[in-house]
Amino acid sequence: MTTTTNPIGQLKSKITVHCTVCGCSNRRTLKVDVYENTPEKIEEARNELKIKAAKKYTCRICKTITKELNS
């Protein structure tokens, strides 16, 4: 049996990322849900947000081109 819990809040961040192929910039909004109001859970959510922000970004145009070249 699975139980669903509703988040009590969200952490949001807006970052500017640059494409790894062409270098164009894009603004992204990242969101992470917080389920408990404890300092540990809030810090975990912050760390998850930092991990999401550090991921490499490839724009849609470059992603399409690389898929066509690889197939």
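Owing to the predicted nature of the structure, the values given are computational and were not obtained by experimental measurement. (Residues numbered from 1 in each chain as written. Predicted model: local features only at pLDDT ≥ 70, side-chain atom pairs only at ≥ 80, totals over all residues. Heavy atoms only, no water.)

A closer look at the pattern of salt bridges
Turning to step 1, where the next piece is worked out: Inspection of the entire model under this criterion finds two salt bridges.
Turning to step 2, where the next piece is worked out: For K41, the salt bridge goes to E44, with nearest N and O atoms at 4.0 Å. Taken together, the positions of K41 and E44, both in helix 1 (residues 39-54) and three residues apart, correspond to about one turn of that helix.
Turning to step 3, where the next piece is worked out: Look at E44 and you get partly exposed, because its relative accessible area is 47%.
Turning to step 4, where the next piece is worked out: In this structure, the salt-bridge partner of R46 is E43, at a minimum N-O distance of 3.6 Å. Of this pair, R46 and E43 both sit in helix 1, separated by three residues, roughly a single helical turn.
Turning to step 5, where the next piece is worked out: Residue classification places R46 among the partly exposed residues on the basis of a relative accessible area of 44%. (Salt bridge = Lys/Arg side-chain N within 4 Å of Asp/Glu carboxyl O. Helix = DSSP H or I, 4+ residues; strand = E, 2+ residues; numbered from the N terminus. Buried < 20%, exposed > 50% of the residue type's maximum accessible area, 1.4 Å probe, protein only.)

Here's the deal with the pairing of strand 1 (residues 9-18)
Turning to step 1, where the next piece is worked out: One ladder, built from ten bridges, connects strand 1 with strand 2 (residues 25-34); its direction is antiparallel. When the bridges of strand 2 are listed, K12 appears paired with K31. (Pairing = 2+ DSSP bridges.)

Some remarks on a positive patch on the surface
Turning to step 1, where the next piece is worked out: A cluster of like positive charges, contributed by K12, K14, R27 and K31, occupies part of the molecular surface.
Turning to step 2, where the next piece is worked out: Looking at the positive patch, the elements with two or more residues in it are strand 1 and strand 2.
Turning to step 3, where the next piece is worked out: Structurally, K14 is set in strand 1.
Turning to step 4, where the next piece is worked out: Residue K14 is classed as exposed on the basis of its relative accessible area, which comes to 55%. (Patch = residues over 30% accessible without salt bridge, like charges linked within 9 Å, V, L, I, M, F, W, Y side chains within 5 Å. Areas by Shrake-Rupley, 256 points an atom, 1.4 Å probe, with all protein chains shown as cover. Lys, Arg positive; Asp, Glu negative; His and termini not counted. Charge placed at Lys NZ, Arg CZ, Asp CG, Glu CD.)

Topic: a nonpolar patch on the surface
Turning to step 1, where the next piece is worked out: A contiguous nonpolar patch, built from I61, I65 and L69 and spanning about 350 Å² of accessible area, is present on the exposed surface.
Turning to step 2, where the next piece is worked out: Inspection of the secondary structure assignment puts I65 in helix 2 (residues 60-70).
Turning to step 3, where the next piece is worked out: The class for I65 is partly exposed, based on a relative accessible area of 46%.

Let's talk about the nonpolar core
Turning to step 1, where the next piece is worked out: Judged by nonpolar contacts, I15, V17, C19, L30, V32, V34, A45, L49, Y57, C59 and C62 together constitute the single largest core of eleven residues.
Turning to step 2, where the next piece is worked out: Among the elements of the structure, strand 1, strand 2 and helix 1 are those that each provide at least two residues to this core.
Turning to step 3, where the next piece is worked out: If you tally residues by element for this core, the top one is strand 2, at three residues.
Turning to step 4, where the next piece is worked out: Sequence-distant contacts of L30, defined by excluding residues within four places in its chain, comprise L11, K12, S13, I15, L49, K52 and A53. (Core = buried A, V, L, I, M, F, W, Y, C linked by side-chain atoms within 4.5 Å. Contact = heavy atoms within 4.5 Å.)

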